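Notes for the structure review
The chain contents come next:
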Amino acid sequence: DTAVSQTPKYLVTQMGNDKSIKCEQNLGHDTMYWYKQDSKKFLKIMFSYNNKELIINETVPNRFSPKSPDKAHLNLHINSLELGDSAVYFCASSAVGTIYFGEGSWLTVV
Amino acid sequence: LAKTTQPISMDSYEGQEVNITCSHNNIATNDYITWYQQFPSQGPRFIIQGYKTKVTNEVASLFIPADRKSSTLSLPRVSLSDTAVYYCLVGDGVSSNTGKLIFGQGTTLQVKP
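This section reports on the structure supplied with the text. (Residues numbered from 1 in each chain as written. Chains lettered and ligands numbered in written order. Predicted model: local features only at pLDDT ≥ 70, side-chain atom pairs only at ≥ 80, totals over all residues. Heavy atoms only, no water.)

Glancing now at the overall build of chain B. When helices and strands are counted, chain B shows one helix and nine strands. The linear arrangement of helices and strands in chain B, starting from the amino end, is β-β-β-β-β-β-β-β-α-β. Taking 2.2 N^0.38 as the reference for a compact globule, 113 residues should give roughly 13 Å; the C-alpha atoms of chain B span a radius of gyration of 13 Å, in line with that estimate. If one aligns the C-alpha atoms of chain B with their principal axes, the spans along those axes are about 40 × 30 × 25 Å. Expressed as a percentage of the 113 residues in chain B, the buried residues total 46%. Contacts in chain B between residues far apart in sequence, at least 24 positions, make up 57% of those at least 6 positions apart. Accessible area for chain B stands at about 5,500 Å²; split by element, carbon and sulfur atoms hold 50% of it. Between the averaged position of the 9 positive side-chain charges in chain B and that of its 8 negative side-chain charges there is a distance of 6 Å. (Helix = DSSP H or I, 4+ residues; strand = E, 2+ residues; numbered from the N terminus. Rg over C-alpha atoms; globule rule 2.2 N^0.38 Å. Buried < 20%, exposed > 50% of the residue type's maximum accessible area, 1.4 Å probe, protein only. Contact = heavy atoms within 4.5 Å. Areas by Shrake-Rupley, 256 points an atom, 1.4 Å probe, with all protein chains shown as cover. Lys, Arg positive; Asp, Glu negative; His and termini not counted. Charge placed at Lys NZ, Arg CZ, Asp CG, Glu CD.)

In structure tokens:
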């Protein structure tokens, strides 16, 4: 059983489209995140949710909207995709002090 | 949150011991030191965590001097499959602060045959 799973793994789409990435964790953690990793490998946190409530919202365009229907799920919806949104997006959850990452979703905007 | 500094890249050969040092001069009393490993096309995964002295698990050892201003991740007898990016993070272990941990560029370890 995969602890943190996200879909799709690969996504190629045109500029201006709207897309969603889904994430689920079966670890029973209260806190979930979305990270973005750019071409230079920097991992930056985008959002953090604790028990379905937003607790961290870094400087991210409002085209990105996370949604947490329950504490095991945190989905990421992106409106009006731009070329610069091309990156790897990682979902994660955490117990105290330790982060568990999903396998990543490779988004390419053309 | 304490900032960390580690080498951008390292090369090694199979069978050697690899030591990657991380500097964290501003580490706070409540902070733990955690290392993650990221293989290409995968998410980072937890390797080891420590507070002081030495911690060892089946994957690696973590050496932390008394002043805790640095730490060294030691990988014994590396193999080609240890080629990865290694990240050093420092944080207080409080759940709500975990997501504020900053991942830098990490250290890209290249193991050669």
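Continuing now.
Now for the pairing of strand β7 (residues 64-70) of chain A. Residue and element names in this part refer to chain A. Where β7 meets strand β8 (residues 73-78), five bridges bridge the pair, whose relative direction is antiparallel. Residue pairing for β8: S65 is matched across the bridge by H77. Turn length for the β7-β8 hairpin, with the two strands adjacent in sequence and antiparallel, is two residues. (Pairing = 2+ DSSP bridges.)

Turning our attention to the packing of aromatic side chains. Taken as a whole, this structure holds nine aromatic pairs over all chains when the rule is applied. Centre to centre, the rings of F90(A) and W106(A) are 6.4 Å apart; their planes meet at 70°, and the pair counts as edge-to-face. Of this pair, F90(A) sits in strand β9 (residues 87-95) while W106(A) sits in strand β11 (residues 105-109), and the two are 16 residues apart along the sequence. Relative accessible area serves as the criterion here: at 1%, F90(A) is assigned to the buried category. Overall, W106(A) belongs to the partly exposed group, its relative accessible area being 23%. When the centroid spacing of 6.3 Å and the interplanar angle of 90° are considered together, the rings of F101(A) and Y36(B) count as edge-to-face. Here the residue F101(A) occupies a position in strand β10 (residues 98-101), and Y36(B) occupies one in strand β3 (residues 32-38), the pair thus bridging two chains. By the burial criterion, F101(A) is buried, and Y36(B) matches it. (Phe/Tyr/Trp six-rings, centres within 6.5 Å; stacked < 30°, edge-to-face > 60°.)

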